[in-house]
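Residue-level structural notes
Here are the chains, one letter per residue:
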Amino acid sequence: IMRFDNTFYISDLLGILTLITILVGGLFALYKWNKSMRIKRADYIKSLIDINNKEMILETFSLFDYDIKWYDNSFHGSEKEQKIDFTLTYFDYICYLNKMGVFDKKTFLLFKYQVDAIVKNRQVHDYFYNLYHYSKSKGIEFSYHYLIEYAIKHDCINKELFDKTSYRKYKMYHKYLNWID
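Positions within a chain are numbered from 1, following the residues in the order the chain's sequence is written. Restriction of local features to residues with pLDDT of at least 70 applies here, the model being predicted, together with a cutoff of 80 or more for giving and counting side-chain atom pairs; totals for whole chains, interfaces and linings are based on all residues. The side-chain quantities take in all heavy atoms of the structure and omit both hydrogens and water.

Before going further, it helps to spend a moment on the overall build of the chain. Here a helix means four or more residues in a row that DSSP labels H or I, a strand means two or more in a row labelled E, and each is numbered from the N terminus. For the chain, the helix and strand inventory stands at seven helices and zero strands. Beginning at the N terminus, the succession of helices and strands in the chain can be written as α-α-α-α-α-α-α. A radius of gyration in this sense is built from C-alpha atoms; the matching globule rule multiplies 2.2 Å by the number of residues raised to 0.38. Its C-alpha atoms give the chain a radius of gyration of 27 Å, clearly above 16 Å, the size a compact globule of 181 residues would have. Viewed in the frame of its principal axes, the chain has a C-alpha envelope of about 95 × 45 × 25 Å.

The subject of this paragraph is helix 4 (residues 105–120). The term bend refers to the angle at a residue between two fitted axes, each drawn through seven residues, those ending there and those starting there. Where helix 4 bends most, at F111, the angle is about 55 degrees. Burial classification: accessible surface area is computed with a 1.4 Å probe over protein chains only, and a residue below 20% of its type maximum counts as buried, one above 50% as exposed, and the rest as partly exposed. Among all positions in helix 4, only T107, F108, F111, Q114, V115, D116, A117, I118 and V119 are buried.

All right, on to the environment of A117 then. Note that A117 resides in helix 4. Between the C-alpha atoms of A117 and L30, which are 87 residues apart in sequence, the distance is 40 Å.

Turning next to the packing of aromatic side chains. Any pair of Phe, Tyr and Trp rings, taking the six-membered ring for Trp, is counted once the centres come within 6.5 Å. Such a pair is stacked with planes under 30 degrees apart, edge-to-face with planes over 60 apart, and tilted for the rest. Counted under the stated rule, the structure contains 21 aromatic pairs. Through successive ring pairs, a cluster of aromatic residues spans F61, F64, W70, Y71, F75, Y113, Y127 and Y176.

So, on to the state of the cysteines. Disulfides are defined in this document as cysteine sulfur pairs within 2.5 Å. Under the definition given, this model contains zero disulfides. With no disulfide partner, C95 has as its closest neighbouring cysteine sulfur the one in C156, 10 Å distant. Looking at C95, the relative accessible area reads 5%, which means it is buried. Judged by its relative accessible area of 12%, C156 is buried.

Structure follows, in structure tokens:
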């Protein structure tokens, strides 16, 4: 027959109090860490918004937003190419962060209008068409993978972009870069 000793010792009380103190301290540390991460995240998003408001991006974005013709045979090697590549790289990074779950839906809304305007722009489609097939012919990764992925997911790009002979069939595509058909 087993017997239980109902005696309560001070050492038992100290053990329970120590455990409670550790749990409360751990929860407090977790709370402070979580709050610190939210502040860091907010600072990071603010820095992205600050970059977004740079004159170069604002100027370049207006080309996309107002559907101004900018992509033609003289584009490659120009100063305009550098500005547009900088802007597209920035928004490709925004799409990457969104895909990785860094942004929640509300945070992504800060950039959604601009991303949508870019991936719906006909000049961007033509530029992506050329870059995609040029990259593929050289065996290198396409530069704006996450923008294209976002455009496909949101049905903003037609499948003809991926056919390297589309420039022969559709007026919206041109062959400005040298790749082999």
